[in-house]
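Each chain, written out:
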Amino acid sequence: MFTLDSKIPEGNLADKWKNHKANLKLVAPHNKRKLEILVVGTGLAGSSAAASLAELGYNVKVFTYHDSPRRAHSIAAQGGINAAKNYRNDGDSVERLFYDTIKGGDFRAREANVYRLAEVSVNIIDQCVAQGVPFAREYGGLLATRSFGGTQVMRTFYARGQTGQQLLLGAYSALSRQVGAGTAKLFPRTELLDIVVIDGVCKGIVVRNLVTGKIESHFGHAVLLCTGGYGNVYYLSTNAKNSNCTAIWRAHKRGAFFGNPCFVQVHPTCIPQTGDYQSKLTLMSESLRNDGRVWVPKQKGDKRPPNQIPEEERDYYLERRYPAFGNLVPRDVASRNAKYVCDEGRGVGETGQAVYLDFSDAIRRLGRDVIEQRYGNLFEMYEKITNENPYEVPMRIYPAVHYTMGGLWVDYNLMTTIPGLYALGEANFSDHGANRLGASALMQGLADGYFIIPYTIGDYLARVDFSKKGNTDHPAFKDAEKSATDRLRKLLDIKGKKTVDELHRQAGKILWDYCGITRNATDLKEALEKYRNIREEFWHQVNVPGTGEELNQSLEKANRVSDFLELGELMILDALHRNESCGCHLREEYMTEDGEAIRNDDEYCYVAAWEYKKDGTWDLHKEYLVFENVKLTQRSYK
């Protein structure tokens, strides 16, 4: 029986990271040049890690399926990045950011990891400012901040509605400097197909050149997976269409445990779906809830234009139910309540699957110029997509799949259960527990890449034998290449009658309907059978045109969806086994009469870490969470 060792340091919470760094082993500069590190993914976590490690003197190879790291999905983040700087003098602190994050995650994250995240957050802002990231500033030149959901302070730094883009440009610039210096080598249009494990230790990866179709191996003394989340398992999500789970899923099948797969965050502020033809959904930044007020008509079936519904006939349901936080409740709470009012028949728009986000009060109070300065590019984007002017009529929004808290299980050093294999950012099961607070994804990605992995990876590499130069001659590399080639050939040989998108859409709808905003045991059991049938149909009916020896985006897509169809089953199993409601995981059997979550700390206060077995089943391992610095309480934002 494998025993999970989180490697959380001893000592006081506030001293753990400092003491841990002081006791980590180091690699001498002349030895760093002998070590190869492979970084897969070039979003914020990947680019920052690759740049930092190359700057330290390691030989770094960086792999991205994009033509440029600048296209990584981190670029899509809009609203901001959290940091406990307390520039507003409003009572913020490292301790308060730590508690907000623990509470926001419904007490399903490690104290030590969350405190470290809050602790290094203050350094991230300094790092990014030094790189030239153009954060918004007050009139006097100081950095501006605003609020996000789940907090009562203004700790979110932002660059208008383009924060992710600007932060990624900073990390990309740092990486480009290392590429120019020759310490990092970039492999664009290259996708990971498998992890190579020798004697239980990760020693490299198998990749496919997406332009030529060539499959090849790369040796590495350590491998970092920085490949983001798996929200596209639902087909419709706010993720970029190419975002996928293949890297972490292939690692999982090689022995890396998967943590909390059913914890999937549904973002409350997205442009509603308008038809079956859509291939993705569009996020509207959570920052809009600073000044926008969420409401629906009080009467069911009220289809009058919003400006014709008088104030006394509107239900500002978040302000009514949660007066302490109002429209800035956490994402899981806002999403559930939007679903509730739409299920009651009070949703707006043609489909009835939307609520209003209204800026009329803010425009009257602050003036249109101020609102335009704060959110102008977001308003422009909304108008281009919907042909409605949000300065004149309220936005229509509805929840959509956005971020995955689940991912590969990692210890305090960010290492998976496979020695030498690390997972950073959204690719790991993260520091967010059962729900992520807004503006914390960028914080975690950069914390992992800039300030955590450069320390912790040295402790592992200091113990590695690098007296002989690594190579890909070992039979394990050839076996992995053959396995990857055979899988692609199998997909090409099916010659069925259904497209990849058709089957992916069907499977995604099953997940959304049965394992989405809310779940229950009856639906989950039904979903499990339906989902397995879809996967069986995929392997008999999918049609993938073309060959594997050329640019073939249909083959890329089919390969990724085949992994989604396995991950989706584990998500359902994980949701079914957790007989409680916590954060984004709301089981309808475990909730109060007014729709609030009821946790079961006595039985489920743990991280669910799933081990893949060769027969296609899973074993559940549990990392029990210990809370010594916070009191376990039922969350309340009222």
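Enquirer: Tell me about the packing of helix α6 (residues 163-181) against helix α12 (residues 441-461), and please be specific about residues and values.
Expert: For any two helices packed against each other, the geometry is given by the interaxial angle and the distance between the axes. α12 packs onto α6 with a crossing angle of 10 degrees between their chain directions and a minimal axis gap of 11 Å. With respect to each other, α6 and α12 are oriented roughly parallel. Only L442, L446 and Y450 of α12 make contact with α6, whose side of the interface consists of T163, G164, L167, G170 and A171. Here the contact of α6 with α12 is built from residues that sort into 5 nonpolar, 3 polar and no charged.

Enquirer: Residues and numbers for the sheet that holds strand β12 (residues 264-270), please.
Expert: The antiparallel open sheet is built from 5 strands, whose spatial order is β12-β16-β15-β13-β14. The outermost strands of the open sheet, each flanked by one partner alone, are β12 and β14 (314-315). By the bridge criterion, 3 bridges tie strand β15 (residues 355-358) to strand β16 (residues 395-404) in an arrangement that is antiparallel. Across the sheet, Y356 pairs through a bridge with R396, a residue of β16.

Enquirer: So what about the layout of surface pockets? Which residues, and what values?
Expert: Any space left empty among the atoms is revealed by the rolling of a water-sized probe across them. Empty space within the second largest pocket amounts to approximately 690 Å³. Taken together, 32 residues line the second largest pocket, and the ones lying closest to its centre are L236, Q273, K509, W512 and D513. For the lining of the second largest pocket, the elements supplying multiple residues, two or more each, are α9 (331-343), β16 and α14 (500-514). Per-element accounting of the lining of the second largest pocket gives the leading share, 5 residues, to α14. Looking at the lining of the second largest pocket, its residues break down into 13 nonpolar, 10 polar and 9 charged. Counting contributing residues, the lining of the second largest pocket receives three or more from each of domain 1 (267-399) and domain 2 (482-623).

Enquirer: Give a detailed account of the pattern of salt bridges, specifying residues and quantitative values.
Expert: Considering all chains together, one arrives at 57 salt bridges under this definition. As a salt-bridge pair, D361 and R293 come within 2.3 Å of each other at their nearest N and O atoms. Linking D361 in helix α10 (residues 360-366) with R293 in strand β13 (residues 293-297), this pair joins segments that are 68 residues apart in sequence. Since its relative accessible area comes to 22%, D361 is described here as partly exposed. For R321, the salt bridge is made with E596, and the minimal N-O distance between the two is 3.1 Å. Of the two residues, R321 sits in helix α8 (residues 317-321) while E596 sits in the loop between α16 (553-577) and α17 (601-604), which places them 275 residues apart along the sequence. The class for R321 is buried, based on a relative accessible area of 16%. Residues participating in the shared-partner salt-bridge network are D106, R108, D332, R336, R578, E580, R599, D601 and R635.

Enquirer: Tell me about the sheet that holds strand β3 (residues 81-82), residues and numbers included.
Expert: Reading across the sheet, the 3 strands line up as β3-β5-β4 and stay open at both edges, with antiparallel pairing between neighbours. At either margin of the open sheet sits one strand with a lone partner, and together these are β3 and β4 (145-146).

Enquirer: So what about the environment of D90? Which residues, and what values?
Expert: Counting through the fold element by element, D90 comes out in the loop between β3 and α4 (94-104). Residue classification places D90 among the partly exposed positions, given a relative accessible area of 31%. If we skip the residues at most four places from it in the chain, D90 touches V153 and M154.

Enquirer: Residue-level account of the state of the cysteines, with values.
Expert: Think of a disulfide as a covalent bridge from one cysteine sulfur atom to another cysteine sulfur atom. Counted by the stated rule, this structure contains 0 disulfides. Among the cysteines around C262, which has no disulfide bond, C515 carries the closest sulfur, lying 6.3 Å off. The thiol sulfur of C582 is not disulfide-bonded, and the nearest other cysteine sulfur, from C262, lies at 7.2 Å. Judged by relative accessible area, C582 falls into the buried class, the value being 0%.

Enquirer: Let's hear about the domain arrangement of the protein chain: which residues, and what values?
Expert: Taken domain by domain, the protein chain comprises domain 1 (267-399) and domain 2 (482-623). Look at where the C-alpha atoms of domain 1 and domain 2 centre, and you get two points 31 Å apart. Between domain 1 and domain 2, the residue contacts involve 10 residues of the former and 12 residues of the latter. Where domain 1 abuts domain 2, roughly 860 Å² becomes buried across the two surfaces, and 50% of that area is made up of carbon and sulfur atoms. Looking at the side of domain 1 facing domain 2, the largest losses of area belong to R336, K339 and Y340, adding up to 49% of the total buried there. For the pair domain 1 and domain 2, the number of links is 5 residue pairs in polar contact (both at pLDDT 80 or more). When the residues that make up the side of domain 1 that touches domain 2 are grouped by side-chain class, the tally is 3 nonpolar, 2 polar and 5 charged.

Enquirer: Can you lay out the side chain of T145 for me, pointing to particular residues and giving the numbers?
Expert: Along the chain, T145 falls in strand β4. A residue is classified by how much of its surface remains accessible, and T145, at 4% relative accessible area, is buried. Once residues lying within four places of it in the same chain are set aside, the contact partners of T145 are R88, E138, M154, R155, T156, F157 and Y158.

Enquirer: Help me get a handle on the nonpolar core, residues and values and all.
Expert: When a protein is soluble and globular, its nonpolar side chains tend to lie buried together. Counting 157 residues, the largest nonpolar core has I81, L224, L225, Y230, Y422 and L461 as its most contacted members. Element by element, the count of residues in this core is highest for α12, at 11 residues. Setting aside its immediate chain neighbours within four residues, L461 contacts V27, L35, I37, Y58, H221, A222 and F466. Core analysis: the second largest hydrophobic core is formed by 30 residues, V333, A338, F359 and I363 among them.

Enquirer: Which residues make up the environment of R33, and what values do they have?
Expert: Relative to the elements of secondary structure, R33 occurs in the loop between α2 (29-32) and β1 (36-40). Taking C-alpha positions, R33 is 6.1 Å from N59, a pair spaced 26 residues apart along the chain. Not counting chain neighbours up to four residues away, the residues in contact with R33 comprise G57 and N59.

Enquirer: Describe the side chain of K103, listing the residues and the values that go with them.
Expert: Structurally, K103 is set in helix α4. There is no salt bridge for the buried K103, and the closest opposite charge comes from D100, which lies 6.4 Å off by N-O distance. Beyond its immediate stretch of four places on either side in the chain, K103 contacts R635, S636 and Y637.

Calculation rules
- Residues numbered from 1 in each chain as written.
- Predicted model: local features only at pLDDT ≥ 70, side-chain atom pairs only at ≥ 80, totals over all residues.
- Heavy atoms only, no water.
- Axes fitted to C-alpha atoms, helices over the stretch in contact; angles between N-to-C directions.
- Helix = DSSP H or I, 4+ residues; strand = E, 2+ residues; numbered from the N terminus.
- Parallel < 35°, antiparallel > 145°, perpendicular 65-115°, else oblique.
- Contact = heavy atoms within 4.5 Å.
- Nonpolar A, V, L, I, M, F, W, Y, C, P; charged D, E, K, R; others polar.
- Pairing = 2+ DSSP bridges.
- 1 Å grid on protein atoms, 1.4 Å probe; cavity = no way out; pocket = protein on both sides within 12 Å on 5 of 7 lines; lining within 4 Å.
- Points joined across faces, edges and corners; volume = space filled by probe spheres on them.
- Domains from an automatic or database assignment.
- Salt bridge = Lys/Arg side-chain N within 4 Å of Asp/Glu carboxyl O.
- Buried < 20%, exposed > 50% of the residue type's maximum accessible area, 1.4 Å probe, protein only.
- Disulfide = S-S within 2.5 Å.
- Buried area = accessible area lost by both parts, 1.4 Å probe.
- Polar contact = N/O pair within 3.5 Å; in protein donor to acceptor, adjacent residues only side chain to side chain.
- Core = buried A, V, L, I, M, F, W, Y, C linked by side-chain atoms within 4.5 Å.
- Lys, Arg positive; Asp, Glu negative; His and termini not counted.

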